[in-house]
Amino acid sequence: MSNTVEIKNLTFSYTDKVILDDLSLDVKQGIFVGIIGPNGAGKTTLLNLLCGLLRPKTGTIEIDGTNIESFTVRELAQKVAVVRQEFVPVFDFTVAQTVSMARTPYLGTFGFMGRTDRQIVHDALEATDTGIFASRILGSLSGGERQRVFIARALAQKTPILLLDEPTSFLDLKHQVNIYDLLKAAQLEQGKTIIAVTHDINLAAQYCDVILLLGSDSSFRYGYTKDVLSVEQITKAFGVNIYSGKVGQEHFFIPLGKHAKDSEQANKMQDKT
Amino acid sequence: MTEILTIKKLAVKVCIGLVILLAVMCICTLSGTQKISLQKVLDGPGQKPGENIDYEIFVGYRLPRVFLAVLVGAALACSGVVLQAILRNPLADPYILGISSGAGLGAIIAIISGMTWSLWAGSPLAIFAFIGALTTVWLVWSIGHFAGRSQVTSLLLAGVVVNAFFSAVIMFLTSIAKSEQLRSIIYWLMGNITDKSSSVLLAGTICITAGIICLFSISNRLNIITLGEYEAKGLGVDTEKTKILAFTFTAFITAVAVSLSGLIGFVGLIVPHAVRLVFGPDHRQLLPLSAIIGGIFLVIADTLARTIFGQEQLPVGVITAIAGGPFFLILLARYTKKVSWSK
């Protein structure tokens, strides 16, 4: 079954401000999409539209040819799992309890799990290395550990599509890479479609197959990572000088402001383009 | 993964709880200012009226009262559990959305106007309190819905405003009440368990049990709703529908409990907390265990209330408040510490 996500002529606005204007794109099953762009460009809005929390003003979003508005909340939760920025729940649920909640869209009223559900939860805990603290409460974990738990939950939800909203903000370098490795593994081993909103252009460059670059003027560019991530595009979208270099296959980008030590480097790059 | 709840584990815990509840009920029914012996009570059935005083006290007076205490304790505790989940606020209680002041206003109007009729064995006091409670919840719900996007906050604010206004009206009515009415008003406001006719008890039992069963049926969804609206929808839970169901059922069982016993405080706050501390936050077991432990707590409190000063009976609300106040403070300290630590 192919679970292509098709966005057709999508427009969305909050009362008077147009956020997304006539956005159309196809996301093929099994690819890793990075959504980048400046604050207010509509990255999170697009994510919320994709998981059915917001409704488009015009246009449609289809999964496997079906408009997502015709899914029930439960059906959609079997197609799309969402990971947001990590947070501490109000009540002291354990890691295992939290991950088990992922099975809700497949279970009856009381959500008691069967053998297969337990196996799925177990596998998700193993895949994310969270099994070792399965019986600890979420509040007692570090931010990076907690985010891994939420990713475990998303994996246990067994959806073809995984949405992430800035999954690595507030995490240190090691944990950032950790999370992206996990996601890449889920993409390669389980064939999941991964759509991640991120502010980290360099991680996006290293991990994403395609990039959706949203501009603050509701323009957008969608294409292969190396085509979209160029100094010119990024400078235009973010309005900041960029120094770029190359490691192996991909470019890296360093934003350099007026008072940055190496701001001249960025200016030189700017002149070249 | 031993801590994942299964039907079997839940059933075992609930059964153990029920056995303890029955034991406590027996002990509390046998104790009182008037000593009665178990032997005589067991001999009771079949004897002529007036022959066996012990049996008559047991069946006619104490048993209904103990039964009522269990019922009210269970209803308040369950209501507290659910409201804490829906409002995502561990300090919520059954009265947080203004139900207490609404019921209070209804009760005081009934007392002051001195009505004496009865409807299906319900006294004007109970019926007015019930109507007052439900009207207030409806009012708070509509104001909250009308006022705001961020539903939880606007609901809580609406609750506070309505509570404040009705409390002012209650104070006004209390100040113009006749002195012989004052005692019943105060006892009602403090929460007081007294004898009720068996038909009232039966109606109450049916209503509260049905309400608790309905709440239990959404208990798994409550778990997920405590993570927040977005998270819950992402996990396939229809949050709007669940919230409306939860509010309706809690309002109903709280209104029934309040109309039977007045405003008994703290049960709905401390029982859910104590159970959560011991058994964890899974609502599928939190709800039934809170019902049982709420019942146990209120039966013991009421037994103390009717025995501690000999013939003079205290309103049970005094006991729950004295026991609950310090507990609440400890809880508050613990909770604030946790919040500042996690930020």
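Residues numbered from 1 in each chain as written. Chains lettered and ligands numbered in written order. Predicted model: local features only at pLDDT ≥ 70, side-chain atom pairs only at ≥ 80, totals over all residues.

## Digging into the overall build of chain B
- On a plain count of helices and strands, chain B comes out with 14 helices and zero strands.
- Its C-alpha atoms give chain B a radius of gyration of 21 Å, near enough to 20 Å, the size a compact globule of 343 residues would have.
- Seen through its C-alpha atoms, chain B measures out along the principal axes to roughly 65 × 55 × 35 Å.
- Buried residues in chain B amount to 47% of all 343 residues. (Helix = DSSP H or I, 4+ residues; strand = E, 2+ residues; numbered from the N terminus. Rg over C-alpha atoms; globule rule 2.2 N^0.38 Å. Buried ≥ 20, exposed ≤ 12 C-beta atoms within 10 Å, placed from the backbone.)

## Digging into the environment of Lys241(B)
All names here are of chain B.
- Topologically, Lys-241 is positioned in helix α11 (residues 239-261).
- We classify Lys-241 as exposed; it has 12 C-beta atoms within 10 Å.
- Separated by 44 residues in the primary sequence, Lys-241 and Gln-285 place their C-alpha atoms 22 Å from one another.

## Some points on the pairing of strand β8 (residues 193-197) of chain A
All names here are of chain A.
- Across the five residues that make up β8, a large majority, five, are buried.
- Side chains Thr-193, Ile-195 and Val-197 project from β8 onto one buried face, and the interleaved Ile-194 and Ala-196 project onto a second face that is buried too.
- When strand β3 (residues 32-36) meets β8, the two strands line up parallel, connected through four bridges. The partner of Ile-35 across the bridge, within β8, is Val-197.
- Of the crossover connections in this fold, the one passing from strand β7 (residues 161-165) over helix α6 (residues 173-190) to the parallel β8 is right-handed. (Pairing = 2+ DSSP bridges. Right-handed = clockwise from strand over helix to strand, strands pointing away.)

## Quick notes on the nonpolar core
- With 175 residues, the main nonpolar core has Val99(A), Leu163(A), Val72(B), Ala75(B), Cys78(B), Ala255(B) and Val256(B) as its most contacted residues.
- If we ignore the near neighbours within four places in the chain, the residues touching Ala255(B) are Ile99(B), Ala103(B), Phe130(B), Ala133(B) and Leu134(B). (Core = buried A, V, L, I, M, F, W, Y, C linked by C-beta atoms within 7 Å. Contact = placed C-beta atoms within 7 Å.)

## Brief notes about the interface of chain A and chain B
- At the interface, 32 residues of chain A touch 25 residues of chain B.
- Residues that form the side of chain A that touches chain B fall into these classes: 19 nonpolar, nine polar and four charged. (Nonpolar A, V, L, I, M, F, W, Y, C, P; charged D, E, K, R; others polar.)

## Let's talk about the pairing of strand β6 (residues 80-83) of chain A
All names here are of chain A.
- Covered by surrounding structure in β6 are Val-80 and Val-82 together with Ala-81 and Val-83, the residues of both alternating faces.
- Strand direction decides the pairing type here: β6 and β7, joined by four bridges, are parallel. Each bridged residue has a counterpart across the sheet, and for Ala-81 the counterpart in β7 is Leu-162.

## A closer look at the sheet that holds strand β2 (residues 17-27) of chain A
All names here are of chain A.
- Across the sheet, which stays open at both edges, the four strands sit in the order β2-β1-β4-β5 with antiparallel pairing between neighbours. Of all the strands in the sheet, the pair left with one neighbour each is β2 and β5 (66-67).
- Relative to β2, strand β1 (residues 5-14) runs antiparallel, the two being bridged by seven bridges. Paired with Tyr-14 across the two strands is Lys-17, which belongs to β2.

## Focus: the sheet that holds β7(A)
Residues and elements named next belong to chain A.
- Spatially, the six strands line up as an open sheet ordered β6-β7-β8-β3-β9-β10, and their pairing is mixed. In this open sheet, the two edge strands, each paired with only one partner strand, are β6 and β10 (220-224). With strand direction ignored, the average angle separating the axes of adjacent strands in the sheet is 15°. (Axes fitted to C-alpha atoms, helices over the stretch in contact; angles between N-to-C directions.)

## Examining the confidence of the model for chain B
Residues and elements named next belong to chain B.
- For chain B, per-residue confidence averages 86 on the pLDDT scale, and 93% of positions sit at 70 or higher.
- Segment residues 339-343 is flagged for pLDDT under 50; beyond a separation of four residues in sequence, or across chains, it makes two contacts in the model.
- Interface confidence for the predicted complex, given as ipTM, is 0.86, next to a pTM of 0.88. (pLDDT = per-residue confidence, 0-100.)

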